[in-house]
Structure formats: structure tokens, C-alpha cells
Amino acid sequence: TAIGNDTLGQSISLNSVPALESVSGLCGVAGALPGSLIIEFVDGLVSLDGLEGITDIGNDTYGLSIFLQGVRALESVSGLRGVSGALPGSLLIQLADKLVSLD
């Protein structure tokens, strides 16, 4: 399933949902995201499993491609292993206390 982007250029934005533990419900999203992937202040999220179908990520009006902030329980970004090539925007990860590798 393809997905578009909003007026800020964000394709997926999860903001301030601290009890969210999984994004596996997004497993049907596949192909290129024209905009950014923003996940912030989702304290319960442990992994990005469910996003494996995403092959390319664009950027938003702020110049971000991937922005992960306040994801203190996040241990793995391997759910993004389908993304290949250069990101047109920046990759910014902040307040991810348990993330020890970008593998």
C-alpha cells in the first residue's frame, strides 16, 4: 500500500503516543515514502518491526528524512532494513536510551 505526505512533507508521523509499543499494524505500507518518517515521544516503542516494506524515504519541509526522538525503549531499527540508497534529508536520533546499534 502506498502512502502520501501531508502539507509539511511528512508521510508517517507518530507524535506523543507514549503507550504505543508496536508499529506492526503498518506492515501493509510498502514502497517509497515521498515524505519523512517522524516518530517522537513514543516511549513504549521497542522496535520498528512492521516498516520492512518501506524501500525509500523522502524528506519534509524541515529537511528531515528520519526523525526519532523520545523513543527511550527503542532497541532496534532493523524494521527499516528495506530502505536503500541515499536519504535526501537528515537522519536525526535523540533520546533513544536503549538503542545501541543502527544494524
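Preceding this paragraph is the structure being described.
What counts as what
- Residues numbered from 1 in each chain as written.
- Predicted model: local features only at pLDDT ≥ 70, side-chain atom pairs only at ≥ 80, totals over all residues.
- Heavy atoms only, no water.
- Buried < 20%, exposed > 50% of the residue type's maximum accessible area, 1.4 Å probe, protein only.
- Helix = DSSP H or I, 4+ residues; strand = E, 2+ residues; numbered from the N terminus.
- Pairing = 2+ DSSP bridges.
- Patch = residues over 30% accessible without salt bridge, like charges linked within 9 Å, V, L, I, M, F, W, Y side chains within 5 Å.
- Areas by Shrake-Rupley, 256 points an atom, 1.4 Å probe, with all protein chains shown as cover.
- Salt bridge = Lys/Arg side-chain N within 4 Å of Asp/Glu carboxyl O.
- Core = buried A, V, L, I, M, F, W, Y, C linked by side-chain atoms within 4.5 Å.
- Contact = heavy atoms within 4.5 Å.

1. Considerations on the pairing of strand S5 (residues 64-69)
In step 1: The buried fraction of S5 amounts to six of the six residues, a majority that puts the element mostly inside the structure.
In step 2: Across four bridges, strand S3 (residues 36-40) lies against S5 in parallel orientation. Within S5, the residue paired with Ile 38 across the bridge is Phe 67.
In step 3: Bridge count between S5 and strand S6 (residues 90-94): five bridges; the pairing is parallel. Across the sheet, Ile 66 pairs through a bridge with Leu 91, a residue of S6.

2. Details of a nonpolar patch on the surface
In step 1: On the surface, a cluster of nonpolar side chains totalling about 260 Å² of accessible area is made up of Leu 91, Ile 93 and Leu 102.
In step 2: The topology assignment puts Ile 93 in strand S6.
In step 3: With a relative accessible area of 30%, Ile 93 lands in the partly exposed category.

3. A short note on the nonpolar core
In step 1: Counting 20 residues, the largest nonpolar core has Leu 37, Ile 39, Leu 48 and Leu 68 as the members making the most contacts within it.
In step 2: Among the elements of the structure, S3, strand S4 (54-57) and S5 are those that each provide at least two residues to this core.
In step 3: Beyond its immediate sequence surroundings of up to four residues, Leu 37 is in contact with Ile 12, Leu 51, Ile 57, Ser 65, Ile 66, Phe 67 and Leu 80.

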